[in-house]
Amino acid sequence: DTGVSQNPRHKITKRGQNVTFRCDPISEHNRLYWYRQTLGQGPEFLTYFQNEAQLEKSRLLSDRFSAERPKGSFSTLEIQRTEQGDSAMYLCASSPTVQETQYFGPGTRLLVL
Amino acid sequence: GQNIDQPTEMTATEGAIVQINCTYQTSGFNGLFWYQQHAGEAPTFLSYNVLDGLEEKGRFSSFLSRSKGYSYLLLKELQMKDSASYLCAPDNYGQNFVFGPGTRLSVLP
């Protein structure tokens, strides 16, 4: 039984560069979520998918952020023209259906220099 | 919108009992999740309350009062490994998107 996996686990980049993260959910989980978490705070919702459809996107998410889940399995989160304020842990979670608990991946820690 | 309030930090002694409170205001509510998160790790599921009252699961219990918008997590026989952040998250009919700020619990020997 494999859990949610995320790659890379760590990413250091220079301001202005683009980065892409990948999330592989638990197989057959229909829902996939992306969160951002900074030190001392709870996870902050970014977006979620029901299969391949992106159903909601946080108003906090600028147009530099985009997420895809093309085949309803893995998902990617891209940040364009990174800024130092983007430095955070990016968490992915999946759940089988509505009203089910979310299972989190280990996260990708991003540092923008 | 949603508003969730938890104490920022708590300290307790090994073997003691600690209660972590959470108050919330949400536009829709179906139940409430509690997650545990160790430093540098992802959150892991602890409990989910739908009905009012106390649900016990080993050393951990969770309480919910829907009318008061209030929940607490009760940890008994504290162990050093319980040092972690505890996050409450109201379930807005499956849209479990908003987590509280978390309560950082330190268990001292």
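Keep in mind it's a predicted model, so treat the numbers as computed, not measured. (Residues numbered from 1 in each chain as written. Chains lettered and ligands numbered in written order. Predicted model: local features only at pLDDT ≥ 70, side-chain atom pairs only at ≥ 80, totals over all residues. Heavy atoms only, no water.)

1. Let's talk about the environment of A:Arg69
Residues and elements named next belong to chain A. Tracing the chain through its elements places Arg69 in the loop between β7 (65-68) and β8 (75-79). Separated by 44 residues in sequence, Arg69 and Pro25 place their C-alpha atoms 11 Å apart. In this structure Arg69 touches Pro25, His29, Asn30, Arg31, Leu32, Phe49, Gln50, Asn51, Glu52, Phe74 and Ser75, once residues within four positions along its chain are discounted. A polar side-chain atom of Arg69 sits 2.9 Å from the main-chain carbonyl oxygen of Gly72. (Helix = DSSP H or I, 4+ residues; strand = E, 2+ residues; numbered from the N terminus. Contact = heavy atoms within 4.5 Å. Polar contact = N/O pair within 3.5 Å; in protein donor to acceptor, adjacent residues only side chain to side chain.)

2. Description of the sheet that holds β7(A)
Residue and element names in this part refer to chain A. Reading across the sheet, the four strands line up as β1-β3-β8-β7 and stay open at both edges, with antiparallel pairing between neighbours. Both outer strands of the open sheet, β1 (5-7) and β7, are each paired with one neighbouring strand and no more. If you compare each strand with its neighbour and ignore which way they point, the axes differ by 15 degrees on average. Summarising the sheet, β1 and strand β3 (residues 19-24) pair through three bridges and their orientation is antiparallel. What sits directly across from Asn7, in β3, is Arg22. (Pairing = 2+ DSSP bridges. Axes fitted to C-alpha atoms, helices over the stretch in contact; angles between N-to-C directions.)

3. Observations concerning the pairing of strand β10 (residues 103-108) of chain B
Residues and elements named next belong to chain B. Residue alternation in β10 divides its side chains into a buried set, Thr103, Leu105 and Val107, and an unburied set, Arg104, Ser106 and Leu108. Of the pairings in the sheet, the one linking strand β2 (residues 9-13) to β10 comprises five bridges and is parallel in character. Within β10, the position partnered with Thr13 by the bridge is Leu108. Of the pairings in the sheet, the one linking strand β9 (residues 84-91) to β10 comprises three bridges and is antiparallel in character. Bridge pairing in β10 links Ser85 to Arg104. (Buried < 20%, exposed > 50% of the residue type's maximum accessible area, 1.4 Å probe, protein only.)

4. Let's talk about the nonpolar core
Judged by nonpolar contacts, the single largest core of 20 residues is most densely connected at B:Leu32, B:Trp34, B:Leu73, B:Leu75, B:Leu78, B:Tyr86 and B:Leu105. Of all the elements in the fold, those that place two or more residues in this core are β3 (18-25), β4 (31-37), β7 (60-65), β8 (70-75), β9 and β10 of chain B. When residues of this core are assigned to their parent elements, the largest contribution, four residues, is made by β3(B). With near-sequence residues (within four places) excluded, B:Leu78 lies in contact with B:Ala12, B:Thr13, B:Glu14, B:Gly15, B:Ala16, B:Val18, B:Arg59, B:Leu105 and B:Val107. Core analysis: the next-biggest nonpolar cluster, separate from the first, contains 19 residues, A:Ala67, A:Leu77, A:Cys92 and A:Val112 among them. (Core = buried A, V, L, I, M, F, W, Y, C linked by side-chain atoms within 4.5 Å.)

5. Here we look at unusual backbone geometry
Residue and element names in this part refer to chain A. Of the consecutive residues Asn7 and Pro8, the connecting peptide bond is found in the cis state with omega at -10 degrees. For Pro8, the position within the fold is in the loop between β1 and β2 (10-13). Non-glycine residue Glu28 carries a positive phi angle of around 75 degrees. Relative to the helices and strands, Glu28 resides in the loop between β3 and β4 (31-37). If you check the backbone angles, Asn51 has positive phi at about 55 degrees while not being a glycine.

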